[in-house]
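In case you want the letters, here they are:
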Amino acid sequence: QVQLVESGGTLVQAGGSLRLSCAASGRTWINNAMAWFRQAPGKEREFVAGLLWGTSRQTYADSVKGRFTVSRSTVESTMYLQMSNLEPEDTAIYYCAASNNPVILPITDSGYRYWGQGTQVTVSS
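Residues numbered from 1 in each chain as written. Predicted model: local features only at pLDDT ≥ 70, side-chain atom pairs only at ≥ 80, totals over all residues. Heavy atoms only, no water.

### Details of the packing of aromatic side chains
According to the stated counting rule, one finds four aromatic pairs in the structure shown. Relative to F47, the ring of F37 lies with its centre 5.6 Å away and its plane at 80°, an arrangement referred to as edge-to-face. You can see F37 sitting in strand β4 (residues 33–39) and its partner F47 sitting in strand β5 (residues 46–52), a full 10 residues away along the chain. An identical accessibility class is assigned to F37 and F47; each is buried. Taking relative accessible area as the criterion, F37 reaches 1% and is therefore assigned buried. Within the aromatic cluster, the residues linked to one another by ring pairs are F37, F47, Y112 and W115. A cation over a ring is seen here: R45 above Y95, with NZ or CZ 5.5 Å from the ring centre. Lying over the aromatic face of W53, R72 brings its terminal NZ or CZ to 5.8 Å of the ring centre. (Phe/Tyr/Trp six-rings, centres within 6.5 Å; stacked < 30°, edge-to-face > 60°. Helix = DSSP H or I, 4+ residues; strand = E, 2+ residues; numbered from the N terminus. Buried < 20%, exposed > 50% of the residue type's maximum accessible area, 1.4 Å probe, protein only. Lys NZ or Arg CZ within 6 Å of the ring centre and 35° of its normal.)

### What to know about the state of the cysteines
Overall, the coordinates contain one disulfide when judged by the stated rule. A disulfide bridge connects C22 with C96, and the sulfur atoms are separated by 1.9 Å. Every disulfide takes its handedness from the sign of the S-S torsion; for C22 and C96 that torsion is -65°, giving left-handed. Here C22 is found in strand β3 (residues 18–26), whereas its partner C96 is found in strand β9 (residues 92–98), with 74 residues between them in sequence. Across the pair, exposure class does not vary: C22 and C96 are buried alike. (Disulfide = S-S within 2.5 Å.)

### Focus: the environment of F68
Structurally, the position occupied by F68 is in strand β7 (residues 68–73). A relative accessible area of 2% means that F68 is categorised as buried. With 53 residues separating them in the primary sequence, F68 and V121 have C-alpha atoms 14 Å apart. Contact partners of F68, with chain neighbours within four places excluded, come to R38, V48, Y60, L81, Q82, M83, S84, L86, D90 and Y94. (Contact = heavy atoms within 4.5 Å.)

Structural data, given as structure tokens:
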């Protein structure tokens, strides 16, 4: 079983920056895909960014390209999401997810088995 715990969400002004963390524990899951999703009020959960743990290959949603960067620390077993130039439209609950697949990086939530509880990011205008 894999446990994922997100942290770092808070209130920030538009144009500001924020870094989210996703700490993983449990069984060995090195080389699997991990991702960040978000869900705004009244909207469906959407893919934000993801990476393959073993190769660090990354994928981003068009809406965050150039503003967000996903990374990981193998030593700390933690994935990060560095968010810059934040916009009010980025306001959402951000979730961390992990899959069992080492070679495919899904961009839909059905591709992920393990989920964190979420962390709230609010961007004020």
